Amino acid sequence: MATGQLFSKTTQALFYNYKQLPIQRMLDFDFLCGRETPSVAGIINPGSDGFQKLFFGQEEIAIPVHPTIEAACNAHPTADVFINFASFRSAAASSMSALKQPTIRVVAIIAEGVPESDAKQLISYARANNKVIIGPATVGGIQAGAFKIGDTAGTIDNIIQCKLYRPGSVGFVSKSGGMSNELYNTIARVTDGIYEGIAIGGDVFPGSTLSDHILRFNNIPQVKMMVVLGELGGKDEYSLVEALKQGKVQKPVVAWVSGTCARLFKSEVQFGHAGAKSGGELESAQAKNQALREAGAIVPTSYEALESAIKETFDKLAEEGKISPVTEITPPPIPEDLKTAIKSGKVRAPTHIISTISDDRGEEPCYAGVPMSTIIEQGYGVGDVISLLWFKRSLPRYCTQFIEICIMLCADHGPCVSGAHNSIVTARAGKDLVSSLVSGLLTIGPRFGGAIDDAARYFKDAYDRGLTPYEFVEGMKKKGIRVPGIGHRIKSRDNRDKRVQLLQKYAHTHFPSVKYMEYAVQVETYTLSKANNLVMNVDGAIGSLFLDLLSGSGMFTKQEIDEIVEIGYLNGLFVLARSIGLIGHTFDQKRLKQPLYRHPWEDVLYTK
């Protein structure tokens, strides 16, 4: 594997299994390092495609999403690093698929717990095909000032503190990703920083070993010294011992194997990593440290002394002129995410939508401040929910029950009215439920259903101005306006609309005042003197009675009542109610498997 440098400032990667935070951290590192192009060329999210929006500095960019590894590799032939964030269950299969792609050179496997037999197969294939595996159970690696894998080195603040935005002279390799962050900081304090850092992963069988990377570092001219952090368990460190003994490493190596405290325990100790379990004296931290020391590595007496050993080695190389001073640079500031800045109180951002009727941010959704559990536990009905969401208050039960009665009475009026006809024709054309429903709803207006609002407006205006029924009706006639809520094609003086009678009976029984309805009845009496079919219809009944509900409940100001009527609340009742019937007609046609509707030509007057 030896060769040399794995990454550069132009390295690009494919990211498997979309994770927003580690990708954004990679892009922020790119910006910090002054890269011209983002290091993430594409994202692989099995079964998905399209784009994901992320930030490259202040610029919002769209990174392509591909459904398969093959598609991503074909679309981005220059991307040669595969960063695998798959779970341990699927990490092996996706990693093998990536290794088999001719464009992929390095595979980083983040998941821990990959089955050992699978890990061995991956390692065997990679070595046979001159490819590099970092992991499993790794945080990744970093080329200072050039490229980093996923969450390597943590936050931007930590990266800046560790001077990872520009290259230093130290090559670092560790089994532990968490300890890597600690060592990056330590190395930055006492040297000019790292050139490249790799966490090989803590599983029993890592895809690449400590010695693999030390031998690579030995071939990189910019790396002047190496730091190794091993741990008890396994025999990986002994391959480094052999390389040192054979003279394959010509640069200073400062090493420490952690886990010396294991001897303090009476029984065998399993540390955090799968591979950090001593299987005998040879795998103990003490034995490995001693072997490395005897092979020529610089091994301190304790972890606490590791920093001093690194400093002394670096200072000696600097005195010998083998290390040139690094020119310090000031990295550009990374723009803060808006959410972070708002949370920290650094900025004020205006909202784009205002909602006063519901809130879903807590443990459960609330309607006008009433928790969903309360609505269910206290037996609220549909009318109560409408009162909360439409009027932002809990209306008395007689009011909410009246709303429910209106919905029930207006839910349907047969298949021949325009809305139902449209829904039926659309359903028979094979369209879906929403299309069929909307086609019916679109007919609601001044001639079909929309008279409720106008009836309320005109009745209210006439009553409030003290007009007699004669003055009101004749005044409307002079303006060329039909009185909304009066007139029916079928119903008449002797064939009253049962729905109107039911609404009036309910109001007389439960409403504290029915002044607007009584005024509407007086208007009806006058219009019936003109024609037998100028009877109050359901629109007029609902319109006038809703005025009585609003004014009689004592829960609305005059201004609020005017606003409710003006906005069109009352027509909302008809829309809501009729949706029930339109959906029913749609289901009815589909259940009956009715064919495409064609209007009979006999029912059309063909004329010039």
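This structure is a prediction, so every number in the text was calculated from the model and none was measured.

## Quick notes on the environment of V107
By the secondary structure assignment, V107 is in strand β6 (residues 106-109). The sequence separation of V107 and A507 amounts to 400 residues, and the corresponding C-alpha distance is 75 Å. Residues in contact with V107, not counting those within four places in the same chain, are F82, S95, A98, L99, V132, I133 and I134.

## Some words on the packing of aromatic side chains
When we look at a pair of aromatic rings, we describe it by the centre distance and by the angle of the planes. The full count for this structure, using the stated rule, is 19 aromatic pairs. Ring plane angle 45° and centroid distance 5.7 Å describe the contact between Y16 and F82, whose orientation is recorded as tilted. With Y16 in strand β1 (residues 13-16) and F82 in strand β5 (residues 81-84), this residue pair connects regions lying 66 residues apart in the sequence. Taking the relative accessible area as the measure of exposure, Y16 reaches 12% and is therefore buried. With a relative accessible area of 0%, F82 lands in the buried category. Pairwise contacts between aromatic rings join F391, Y398, F402, Y506, F511, F546, F556 and Y569 into one cluster.

## Focus on helix α15 (residues 418-428)
Along α15, the positions that sit buried rather than exposed are G419, A420, S423, I424, T426, A427 and R428. Buried residues in α15 make contact with α16 (433-441) and α23 (569-591). Within two residues after α15, G430 carries a phi angle of roughly 90°, on the positive side.

## Side note on the sheet that holds strand β13 (residues 253-258)
Whether parallel or antiparallel, the strands of a sheet pair through hydrogen bonds between backbone atoms. An order of β9-β8-β11-β10-β12-β13 is seen for the six strands of this open sheet, with the pairing classed as mixed. Each having just a single partner strand, β9 (147-148) and β13 make up the two edges of the open sheet. Where strand β8 (residues 141-143) meets β9, two bridges bridge the pair, whose relative direction is antiparallel. Opposite Q143, over in β9, you have F147 as the bridge partner. Contacts between helix α9 (residues 285-295) and the sheet are confined to β12 (225-231) and β13, with β13 contributing the most and set at about 170° to the helix.

## Looking at the packing of helix α20 (residues 515-528) against helix α21 (residues 538-552)
Where α20 meets α21, the axes come as close as 7 Å, and the angle between the chain directions of the two elements is 155°. By the angle between their directions, the pair α20 and α21 is classed as roughly antiparallel. In the crossing of α20 with α21, the sense of the turn from one axis to the other is right-handed. Facing K515, Y516, M517 and A520 of α20, the residues of α21 in contact are S544, L545, L547, D548 and S551.

## Side note on the sheet that holds strand β15 (residues 366-367)
Strand order in the open sheet formed by three strands is β14-β15-β16, and the pairing between neighbours is antiparallel. Edge positions in the sheet fall to β14 (358-359) and β16 (370-371), since each has one partner strand and no second. Note that β14 and β15 share two bridges and pair antiparallel. Across the sheet, the residue bridging to S358 is Y367, located in β15.

## Section: a nonpolar patch on the surface
A grouping of L338, I342 and V347 is seen on the molecular surface, where their side chains present a nonpolar patch of about 250 Å² in accessible area. Residue position: V347 is located in the loop between α11 (338-343) and β14.

## Comments concerning the side chain of S39
Within the secondary structure, S39 sits in the loop between α1 (20-33) and β2 (40-44). Judged by its relative accessible area of 0%, S39 falls in the buried class. With near-sequence residues (within four places) excluded, S39 lies in contact with T11, Q12, A13, M26, L27, D30 and F147.

## Description of the packing of α16 against α23
Two packed helices can be described by the angle between their axes and the distance between those axes. Their axes nearest at 9 Å, the elements α16 and α23 cross at an angle of 130°. In terms of orientation, α16 lies oblique with respect to α23. Considering only the axes of α16 and α23, their crossing is right-handed. Between α16 and α23, the residues in contact are L433, S436, L437, G440 and L441 and V575, S579, L582, I583, T586 and F587, respectively. When grouped by side-chain class, the residues that make up the contact of α16 with α23 number seven nonpolar, four polar and no charged.

## Considering the state of the cysteines
A covalent bond between the sulfur atoms of two cysteines is what we call a disulfide. Per the counting criterion, the structure on display carries zero disulfides. Sulfur of C162: no disulfide; nearest cysteine sulfur belongs to C33 and is 13 Å away. Among the residues examined, C162 registers a relative accessible area of 1% and is labelled buried. The closest cysteine sulfur to the non-disulfide-bonded C406 is located on C410, 6.2 Å from its own sulfur.

What counts, and at which threshold
- Residues numbered from 1 in each chain as written.
- Predicted model: local features only at pLDDT ≥ 70, side-chain atom pairs only at ≥ 80, totals over all residues.
- Heavy atoms only, no water.
- Helix = DSSP H or I, 4+ residues; strand = E, 2+ residues; numbered from the N terminus.
- Contact = heavy atoms within 4.5 Å.
- Phe/Tyr/Trp six-rings, centres within 6.5 Å; stacked < 30°, edge-to-face > 60°.
- Buried < 20%, exposed > 50% of the residue type's maximum accessible area, 1.4 Å probe, protein only.
- Pairing = 2+ DSSP bridges.
- Axes fitted to C-alpha atoms, helices over the stretch in contact; angles between N-to-C directions.
- Parallel < 35°, antiparallel > 145°, perpendicular 65-115°, else oblique.
- Left-handed = near helix turned anticlockwise from the far one by under 90°.
- Patch = residues over 30% accessible without salt bridge, like charges linked within 9 Å, V, L, I, M, F, W, Y side chains within 5 Å.
- Areas by Shrake-Rupley, 256 points an atom, 1.4 Å probe, with all protein chains shown as cover.
- Salt bridge = Lys/Arg side-chain N within 4 Å of Asp/Glu carboxyl O.
- Nonpolar A, V, L, I, M, F, W, Y, C, P; charged D, E, K, R; others polar.
- Disulfide = S-S within 2.5 Å.

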